[in-house]
Amino acid sequence: MFQTIMLATDGSAPAERAAALAISLARRYAARVIVVHACGPPPDEATGLRLDDVLDERWEEASALVQDTARRMRDLGVVEVATDVVAGTAADAILRCVEVYRPDLLVIGARGRSPWVGLTLGSVSMAVTQGAPCPVLVVK
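Conventions used here
Residues numbered from 1 in each chain as written. Predicted model: local features only at pLDDT ≥ 70, side-chain atom pairs only at ≥ 80, totals over all residues. Heavy atoms only, no water. Core = buried A, V, L, I, M, F, W, Y, C linked by side-chain atoms within 4.5 Å. Buried < 20%, exposed > 50% of the residue type's maximum accessible area, 1.4 Å probe, protein only. Helix = DSSP H or I, 4+ residues; strand = E, 2+ residues; numbered from the N terminus. Contact = heavy atoms within 4.5 Å. Pairing = 2+ DSSP bridges. Axes fitted to C-alpha atoms, helices over the stretch in contact; angles between N-to-C directions. Polar contact = N/O pair within 3.5 Å; in protein donor to acceptor, adjacent residues only side chain to side chain.

Undergrad: Could you give an account of the nonpolar core, naming the residues involved and the relevant values?
TA: With 23 residues, the main nonpolar core has I5, L7, V33, V35, M73, V78 and V107 as its most contacted residues. Elements supplying a minimum of two residues to this core: β1 (4–8), α1 (13–29), β2 (32–39), α2 (51–75), β3 (81–87) and β4 (105–109). Top element by residues in this core is α1. It accounts for six residues. For I5, the residues in contact, after removing those within four places along its chain, are A22, L25, A26, A31, R32, V33, I34, P103, L105 and V107. Grouped together as the second largest cluster of nonpolar side chains are 17 residues, M6, A93, I94 and A132 included.

Undergrad: Which residues make up the sheet that holds β4, and what values do they have?
TA: Strands sit in the order β3-β2-β1-β4-β5 across an open sheet of five strands; the sheet is parallel. Only two strands of the sheet have a single neighbouring strand rather than two, namely β3 and β5 (136–139). Going from strand to strand, the sheet's axes swing by 20° on average, the running direction of each strand aside. Pairing geometry for β1 and β2, over five bridges, is parallel. Note that in β2 the partner of A8 across the bridge is V36. Packed onto the sheet, helix α3 (residues 90–101) meets β1, β2, β3 and β4 and runs at close to 135° relative to β3.

Undergrad: A description of the environment of D84 should follow, citing residues and the corresponding values.
TA: The topology assignment puts D84 in strand β3. The spatial distance from the C-alpha of D84 to the C-alpha of V35 is 6.3 Å, given a sequence separation of 49 residues. In this structure D84 touches V35, V36, H37, V66, C97 and Y101, once residues within four positions along its chain are discounted.

Undergrad: Account for the environment of S63, naming residues and giving values.
TA: Turning to its location among the elements, S63 is positioned in helix α2. Of the residues examined, S63 reaches a relative accessible area of 26% and is grouped as partly exposed. Through-space distance from the C-alpha of S63 to that of T83 is 8.4 Å; in sequence the pair is 20 residues apart.

Undergrad: Give me the side chain of T9: which residues, what numbers.
TA: If you trace the backbone, T9 turns up in the loop between β1 and α1. Residue classification places T9 among the buried positions, given a relative accessible area of 5%. Of note is the side chain of T9, whose polar atom sits 3.2 Å from the backbone nitrogen of G11. Residues within four places of T9 in sequence aside, it is in contact with A15, V35, V36, H37, L65, V66 and T69.

In short, the description is geometric, and any link to function would need to be established separately.
This is the structure we're talking about:
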């Protein structure tokens, strides 16, 4: 049923739960998994620092996150795992990855940081759900 599953992760608790579900599905269907992370612009408080240093540090952290997630997936029996770190805001970067990799399923965690927690999905998961051409499994 699923040949390619994309996992969008930010390292949060919901993303970790999404990873566990992606692992289960990938093992069940012998699917390839692509772990992606969006590396957005630096926070406003970084303006006093050298921008290149901040960007390099964020990129290294993002690369470590996807590599660690991929390693754990392989350790748990997922045979084929690829990784990608994409520049840009989360929703836009994830949707660009969906266009490139064309997964059969996108798995994403929802942090739900809006003031109406419990009534809506997180803004990123909502935007991705609305914009993705493939099925999206949102994990809370």
